[in-house]
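For reference, the chains in residue letters:
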Amino acid sequence: MANKQMSAAAAVAQIKDGMTVGIGGWGPRRKPMALIREILRSPVKDLTVVAYGGADVGMLCAAGKVKKLIFAFVTLDFIPLEPYFRQARQSGSLEVMEIDEGMMLLGLKAAAMRVPFVPTRIGLGTDVLPRNPGIRLIDSPYDERQWVAMPALPLDVALLHVDRADARGVCQIKGPDIYMDELFARAAKDTVVSCDELVDSSFFDSSEESRSVFWERAHTTAVVHLPVGAHPSSCAPLYGFDVKHFKEYVASAKEEGGWQKYAERYVHCTDAEYLERVGGIDAVRKLALPVF
């Protein structure tokens, strides 16, 4: 079996200017933040980003990496408005395709099924359609009704973070919600996965463990071992999100040159330096899981 393990730098080097990049996770939950920081350290630019966004989107916007954003929301949850996304949106520096959460799910599903669109009633009678003239209505061949034809959202690359993976690309998510990560993996030409724990393939011989595998290893093209690689977002059940760090991040957006100061401390450094500056791996793993 192919060994798909590689460094974060090698994995991110496959992303080229102008590519469409899907980012898994949800707001401040199980985001591939270590991979995002690697992109921030790279020269890549003019990306089209598809995400249920959080600080991943905000940081990429702050660094000028995003040309177009396809999104249903961008939030830190307990801090409703992601500050750097807000700045980019209000300045008009982004092309945007803002859609309903269900429409985004269907766009990823269409790409995963390799079909050009999926018909749906989601979006009918809303401002989503006039604000997205590229999304069309179609006549039903079976009755007199019209439906929204949600176009496929094919991805060049998907970036995901999981609890565990093996070198072959078998990935496990143990949290209570896998969000849309399996659709991101299936909608992408290539899928780069960071994992908290790299395990031997025999780990998945257990039916209890293999039950938490949600896409075939053929969809995973690169595996990067990055312990607590979702920080400052959560990775349930291993650790919660870092409220203190998120507050520091949000506060930086209110300062003159705040992004540059934040990036100098937390982005333009090695992974080991980053972990030391946020308190260390053990401290991250003690972060309480959020209760909703």
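Anything mentioned here points back to the structure above.
Residues numbered from 1 in each chain as written. Predicted model: local features only at pLDDT ≥ 70, side-chain atom pairs only at ≥ 80, totals over all residues. Heavy atoms only, no water.

Novice: Go over the packing of helix H2 (residues 33-41) against helix H3 (residues 55-62) with me, naming the residues and quoting the values.
Specialist: Direction vectors running N to C along H2 and H3 enclose 5 degrees, while the axes themselves pass 10 Å from each other. Here H2 lies roughly parallel to H3, going by the angle between them. Along its contact with H2, which presents Met33, Ile36, Ile39 and Leu40, the element H3 presents Ala55, Asp56, Met59 and Leu60. (Axes fitted to C-alpha atoms, helices over the stretch in contact; angles between N-to-C directions. Helix = DSSP H or I, 4+ residues; strand = E, 2+ residues; numbered from the N terminus. Parallel < 35°, antiparallel > 145°, perpendicular 65-115°, else oblique. Contact = heavy atoms within 4.5 Å.)

Novice: Lay out the pattern of salt bridges in plain terms, naming residues and giving numbers.
Specialist: Applying the stated rule across the entire model yields 13 salt bridges. Of the charged contacts in the structure, one is a salt bridge between glutamate 197 and arginine 164, with a shortest N-O distance of 3.0 Å. Taken together, the positions of glutamate 197 in strand E10 (residues 188-198) and arginine 164 in strand E8 (residues 155-165) put the pair 33 residues apart, joining distant regions of the chain. Within this structure, Glu38, Arg41 and Asp271 form a network of salt bridges that share partners. (Salt bridge = Lys/Arg side-chain N within 4 Å of Asp/Glu carboxyl O.)

Novice: Before we move on, can you summarise the nonpolar core with the specific residues and values?
Specialist: Ile15, Val49, Leu69, Leu159, Tyr249 and Trp259 are the most contacted members of the largest nonpolar core, which has 57 residues in total. It is H2 that provides the largest number of residues to this core, a total of six residues. Excluding its chain neighbours within four sequence positions, the residues that come into contact with valine 49 are Val21, Ile23, Val57, Leu60, Val66, Lys68, Leu69 and Ile70. Counting 40 residues, the second-largest nonpolar core is a separate cluster that includes Trp26, Leu155, Met180 and Ala187. (Core = buried A, V, L, I, M, F, W, Y, C linked by side-chain atoms within 4.5 Å. Buried < 20%, exposed > 50% of the residue type's maximum accessible area, 1.4 Å probe, protein only.)

Novice: Describe the packing of aromatic side chains, naming the residues involved and giving the relevant values.
Specialist: Per the counting criterion, the structure on display carries 15 aromatic pairs. An angle of 10 degrees between the planes, with centres 5.3 Å apart, marks the rings of phenylalanine 78 and phenylalanine 241 as stacked. Taken together, the positions of phenylalanine 78 in the loop between strand E3 (66-74) and helix H4 (83-91) and phenylalanine 241 in the loop between strand E11 (222-225) and helix H9 (243-252) put the pair 163 residues apart, joining distant regions of the chain. Take phenylalanine 241: its relative accessible area is 9%, and that puts it in the buried class. (Phe/Tyr/Trp six-rings, centres within 6.5 Å; stacked < 30°, edge-to-face > 60°.)

Novice: Any details on helix H5 (residues 101-113)? Residues and values, ideally.
Specialist: Look at H5: 19 Å from first C-alpha to last across 13 residues, which is about the 18 Å you get at 1.5 Å a residue. Those residues of H5 that fall on the buried side of the exposure criterion are Gly102, Met103, Met104, Leu106, Gly107, Leu108, Ala110 and Ala111. Capping of H5 at its N-terminal end is provided by aspartate 100; its side-chain oxygen lies 2.6 Å from the backbone amide nitrogen of glycine 102. Note on H5: the residue one or two positions beyond its end, arginine 114, has a positive phi of about 60 degrees. (Expected span 1.5 Å × (residues − 1). Polar contact = N/O pair within 3.5 Å; in protein donor to acceptor, adjacent residues only side chain to side chain.)

Novice: A description of the packing of H9 against helix H10 (residues 258-266) should follow, citing residues and the corresponding values.
Specialist: Running from N to C, H9 and H10 point in directions that differ by 140 degrees, and their axes come no closer than 8 Å. From H9, His245, Glu248, Tyr249 and Ser252 reach across to H10, where they touch Gly258, Trp259, Tyr262 and Tyr266. Each residue belonging to the contact of H9 with H10 can be placed in one class, and the counts come to four nonpolar, three polar and one charged. (Nonpolar A, V, L, I, M, F, W, Y, C, P; charged D, E, K, R; others polar.)

Novice: Tell me what's going on with the sheet that holds strand E5 (residues 117-120), and back it up with residues and numbers.
Specialist: Backbone-to-backbone hydrogen bonds pair the strands of a sheet. The strands run either parallel or antiparallel. What the three strands build is an open sheet, ordered E5-E7-E6; its pairing is antiparallel. Looking at the sheet topology across the chains shown, the edges are occupied by E5 and strand E6 (136-139). Each strand axis lies, on average, 40 degrees off the axis of its neighbour in the sheet, ignoring direction. (Pairing = 2+ DSSP bridges.)

Novice: Describe the side chain of arginine 37, and please don't skip the residues or the numbers.
Specialist: With respect to the helices and strands, the residue arginine 37 is situated in helix H2. Here arginine 37 is buried and forms no salt bridge, its nearest opposite-charge partner aspartate 271 lying at an N-O distance of 5.1 Å. (Lys, Arg positive; Asp, Glu negative; His and termini not counted.)

Novice: So what's going on with the pairing of E8? Residues and values would help.
Specialist: Buried residues dominate E8, accounting for 10 of its 11 residues. By the bridge criterion, three bridges tie strand E1 (residues 20-23) to E8 in an arrangement that is parallel. For isoleucine 23, the partnering residue across the bridge sits in E8 and is leucine 159. Inspection of the sheet shows E8 paired to E10 by nine bridges, in the parallel sense. Within the sheet, the bridge partner assigned to leucine 160 lies in E10 and is valine 193. Across two bridges, the pairing between E8 and strand E9 (residues 171-172) is antiparallel. Considered in E9, the bridge of alanine 165 is made with cysteine 171. Counted along the chain from E8 to the antiparallel partner E9, the turn is five residues long, and its residue glycine 169 has a positive phi close to 105 degrees.

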